[in-house]
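Residue strings, one per chain:
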Amino acid sequence: MRIEVVKREENAIEFYLDGEDHTFANLLVEVLHEDEHVKFAAYSIDHPVLMARKPRFRVTTDGSERPEEALEKAAQKVFDRSREVLEAWSSALKA
């Protein structure tokens, strides 16, 4: 996974998430929407014939936190939830 920042403003950031597709992009946007300071979070993937298939994100906040902070919090939530699923799966296999 590689992040390519396209545009950075005070309350907004646009970036590509190279190496990912709809699966992770949907999850990240869903978790970003849980943050009360995130006013907009979405991604698009250009048609594969026109450009490399990689999600392009735009995240806008209300100014109480920077978009980078919202992304860091969202990434941590994704990590924590993934760990919970792994632990639940391990417990279920032992039963």
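Student: With reference to specific residues and values, describe the layout of surface pockets.
Tutor: Its boundaries defined by the atoms lining it, the largest pocket holds a volume of some 220 Å³. Residue lining of the largest pocket: 13 residues in total, with Ile 3, Phe 15, Leu 17, Leu 28 and Leu 71 positioned closest to the centre. Where the lining of the largest pocket is concerned, the elements lending two or more residues are strand S1 (2-8), strand S2 (12-18), helix H1 (22-32) and helix H2 (67-94). No other element matches H2, which puts 4 residues into the lining of the largest pocket. Per-class residue counts for the lining of the largest pocket are 10 nonpolar, no polar and 3 charged.

Student: Provide a residue-level description of the side chain of Glu 65, including the pertinent values.
Tutor: Tracing the backbone shows Glu 65 in the loop between strand S4 (55-61) and H2. A distance of 3.0 Å separates the side chain of Glu 65 from the side chain of Lys 73, its partner in a polar contact. Every residue in contact with Glu 65, bar those within four places of it in the chain, is listed here: Asp 35, His 37, Val 38, Ala 70 and Lys 73.

Student: Please provide a residue-by-residue account of the nonpolar core, values included.
Tutor: If you look at the biggest cluster of nonpolar residues, it comprises 17 residues, and the most contacted ones within it are Phe 15, Leu 28, Leu 32, Val 38, Phe 57, Val 59 and Leu 71. Mapped onto this core, the elements with two or more residues apiece are S2, H1, strand S3 (38-45), S4 and H2. Among the elements that line this core, the one with the most residues is H1, at 5 residues. In contact with Leu 71, other than residues within four places in its own chain, are Ile 13, Phe 15, Leu 28, Leu 32 and Val 59.

Student: Can you explain the pairing of S1? Please cite residues and give values.
Tutor: Bridge analysis of S1 against S2 gives 6 bridges, and the strand direction is antiparallel. Paired with Arg 8 across the strands is Ile 13, a residue of S2. Counted between consecutive antiparallel strands, the loop separating S1 from S2 contains 3 residues.

Student: So what's going on with the pattern of salt bridges? Residues and values would help.
Tutor: Two side chains that carry opposite charge are able to pair once their charged atoms sit near each other. If you walk through the whole model with that rule in mind, you get 15 salt bridges. The residue Asp 18 makes a salt bridge to Arg 2 at a minimum N-O spacing of 3.6 Å. Pair noted here: Asp 18 is in strand S2 and Arg 2 is in strand S1, with a separation of 16 residues, a long-range link. Under the relative-accessibility criterion, Asp 18 is labelled partly exposed at 26%. Where Glu 68 meets Arg 8, a salt bridge forms, and the shortest distance between an N and an O atom there is 3.0 Å.

Conventions adopted
- Residues numbered from 1 in each chain as written.
- Predicted model: local features only at pLDDT ≥ 70, side-chain atom pairs only at ≥ 80, totals over all residues.
- Heavy atoms only, no water.
- 1 Å grid on protein atoms, 1.4 Å probe; cavity = no way out; pocket = protein on both sides within 12 Å on 5 of 7 lines; lining within 4 Å.
- Points joined across faces, edges and corners; volume = space filled by probe spheres on them.
- Helix = DSSP H or I, 4+ residues; strand = E, 2+ residues; numbered from the N terminus.
- Nonpolar A, V, L, I, M, F, W, Y, C, P; charged D, E, K, R; others polar.
- Polar contact = N/O pair within 3.5 Å; in protein donor to acceptor, adjacent residues only side chain to side chain.
- Contact = heavy atoms within 4.5 Å.
- Core = buried A, V, L, I, M, F, W, Y, C linked by side-chain atoms within 4.5 Å.
- Buried < 20%, exposed > 50% of the residue type's maximum accessible area, 1.4 Å probe, protein only.
- Pairing = 2+ DSSP bridges.
- Salt bridge = Lys/Arg side-chain N within 4 Å of Asp/Glu carboxyl O.

Without other data, these values stay purely geometric and don't point to any function.
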